[in-house]
Amino acid sequence: HPGPDQPVVAYRGTVSSTVVDPPDPRSLDQGPAPAYETLINFPRAKSRSAIHCVMCGRRPRDAPARDPPPEPVDGVGGDISKPSGDVVIPRQNKDVCRECDKALWRHLSSDVHFKWCKGCKRFRNLVAFLEKLAASKCDRCRERGRQGYMRRKGGPSPPGSPRPGRNDD
């Protein structure tokens, strides 16, 4: 069974597939990840009753049983993890389930490695997670969170951002 930092999902898609071992950061393409629509393995659901994960195709626990499972965007993909049970798909996740939002992915046609950022609410190139690959938010969102925390707690201001209500005359 995977450790706490390892996602349970393992999916081999015709568009994007999960990656077990992250590549050497020096070998990664430095550009942005391709657009969301080009990374997903399954088309987005047209209604909440037909919702499924756009990456692995699994359905949430509360999905009606009468709806057929989705068809992959481009050919046939395969869930190679043999998961038991259903998934949770948070509303703010753009139809990406909680298992797939933790996974490392590789876009097959461009060979770009990417991951879901829970701060940006989008897929980001893996280079955006270099400070902490297991983090749920990219480095930029984590830094923004640190700055907000320091403002709320009244700690030292980050360079270049004066604290409101304070004059150094």
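Heads up: the structure comes first, above all this text.
Residues numbered from 1 in each chain as written. Predicted model: local features only at pLDDT ≥ 70, side-chain atom pairs only at ≥ 80, totals over all residues. Heavy atoms only, no water.

Q: Looking at this structure, I do not really get the overall build of the chain. What am I missing?
A: Each helix and strand in the chain was counted, giving two helices and six strands. Long-range contacts, defined as pairs at least 24 residues apart, comprise 53% of the intrachain contacts of the chain with a sequence gap of at least 6. Surface exposure of the chain reaches about 10,400 Å², of which carbon and sulfur atoms provide 50%. (Helix = DSSP H or I, 4+ residues; strand = E, 2+ residues; numbered from the N terminus. Contact = heavy atoms within 4.5 Å. Areas by Shrake-Rupley, 256 points an atom, 1.4 Å probe, with all protein chains shown as cover.)

Q: Got a minute to help me understand the pattern of salt bridges in this structure?
A: Between side chains of opposite charge, a pair can form as their charged atoms come close. Across all of its chains, the model carries six salt bridges by this definition. Between aspartate 95 and arginine 44 there is a salt bridge whose closest N-O contact spans 3.0 Å. Here arginine 44 lies in the loop between helix H1 (36-39) and strand S3 (78-79) and aspartate 95 lies in the loop between S3 and strand S4 (104-107), a separation of 51 residues in the sequence. Residue arginine 44 is classed as partly exposed on the basis of its relative accessible area, which comes to 40%. Three or more residues are tied together by salt bridges with common partners; here these are Glu131, Arg142, Glu143 and Arg146. (Salt bridge = Lys/Arg side-chain N within 4 Å of Asp/Glu carboxyl O. Buried < 20%, exposed > 50% of the residue type's maximum accessible area, 1.4 Å probe, protein only.)

Q: Looking at this structure, how should I read the nonpolar core?
A: What tends to happen in soluble globular proteins is that the nonpolar side chains get buried as a cluster. In terms of nonpolar packing, the biggest core is built from 21 residues, with Met55, Cys100 and Phe123 touching the most fellow members. If sequence neighbours within four positions are ignored, phenylalanine 123 has contacts with Ala33, Tyr36, Leu39, Ile40, Met55, Val96, Phe114, Lys115 and Trp116. (Core = buried A, V, L, I, M, F, W, Y, C linked by side-chain atoms within 4.5 Å.)

Q: What is the right way to read a positive patch on the surface from this model?
A: A contiguous patch of positive charge on the surface is contributed by Lys94, Arg122, Lys137, Arg140 and Arg144. Looking at where arginine 140 falls in the secondary structure, it is placed in helix H2 (residues 139-153). (Patch = residues over 30% accessible without salt bridge, like charges linked within 9 Å, V, L, I, M, F, W, Y side chains within 5 Å. Lys, Arg positive; Asp, Glu negative; His and termini not counted. Charge placed at Lys NZ, Arg CZ, Asp CG, Glu CD.)

Q: Please explain H2 as it appears in this structure.
A: Since the α-helix packs 3.6 residues into each turn, any two residues three or four apart lie on the same face. Over its 15 residues, H2 extends 21 Å from the first C-alpha to the last, a length consistent with the 21 Å expected when each residue adds 1.5 Å. Among the residues making up H2, those that are buried are Asp139, Cys141 and Gly148. Structurally, H2 contributes buried residues whose contacts are with strand S5 (113-117). (Expected span 1.5 Å × (residues − 1).)

Q: Honestly, the pairing of S4 in this entry has me stumped. Any pointers?
A: Remark: a regular strand shows side chains that alternate across the two faces of the sheet. Note that strand S2 (residues 16-19) and S4 share four bridges and pair antiparallel. Among the inter-strand pairings, valine 19 is bridged to a residue of S4, identified as leucine 104. Across two bridges, S4 lies against S5 in antiparallel orientation. Looking across to S5, one finds that tryptophan 105 is bridged to phenylalanine 114. (Pairing = 2+ DSSP bridges.)

So yeah, pure geometry; function would need other evidence.
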